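Coordinates in review
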Amino acid sequence: ACMNGDVDTKAAYHQQYLGDVMGRLKKHVDTFLTELDKLDEKAASKDIETHTRIPKIMAHNAFVREAFIRVKQNSIDPVVGYE
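All of the points below concern the structure found in this document. (Residues numbered from 1 in each chain as written. Predicted model: local features only at pLDDT ≥ 70, side-chain atom pairs only at ≥ 80, totals over all residues. Heavy atoms only, no water.)

1. Some words on helix H2 (residues 54-80)
At Lys72, H2 shows its strongest bend, of approximately 40 degrees. Buried within H2 are the following residues: Ile54, Asn61, Val64, Arg65, Lys72, Ile76 and Asp77. Packed against the buried residues of H2 are helix H1 (7-44). (Bend = angle between axes of the 7 residues up to and from the residue. Helix = DSSP H or I, 4+ residues; strand = E, 2+ residues; numbered from the N terminus. Buried < 20%, exposed > 50% of the residue type's maximum accessible area, 1.4 Å probe, protein only. Contact = heavy atoms within 4.5 Å.)

2. Comments concerning the packing of H1 against H2
Axis separation between H1 and H2 bottoms out at 10 Å; the angle between their running directions is 155 degrees. If you check the angle between H1 and H2, you find them roughly antiparallel. Relative to H2, the crossing made by H1 is left-handed. Considering only residue class, the contact of H1 with H2 consists of 18 nonpolar, four polar and seven charged. (Axes fitted to C-alpha atoms, helices over the stretch in contact; angles between N-to-C directions. Parallel < 35°, antiparallel > 145°, perpendicular 65-115°, else oblique. Left-handed = near helix turned anticlockwise from the far one by under 90°. Nonpolar A, V, L, I, M, F, W, Y, C, P; charged D, E, K, R; others polar.)

Written out as structure tokens, the structure is:
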């Protein structure tokens, strides 16, 4: 459909698989957010004097978490729904 410029068929394929793709994307994002929480818990238990990069790692994780949450709220949840 892409190679032939068949916009209607391409749109039909996108519509056909949208639910499955978005469902898998939601699962990926939710799993990743859970993993970030676990990593932050582990990092918080470490001695910052010994592990001096922990604050930078936690700041990076917070940045990534916020990005994933924004994508989830603005792009995934409206399509898949809230769970």
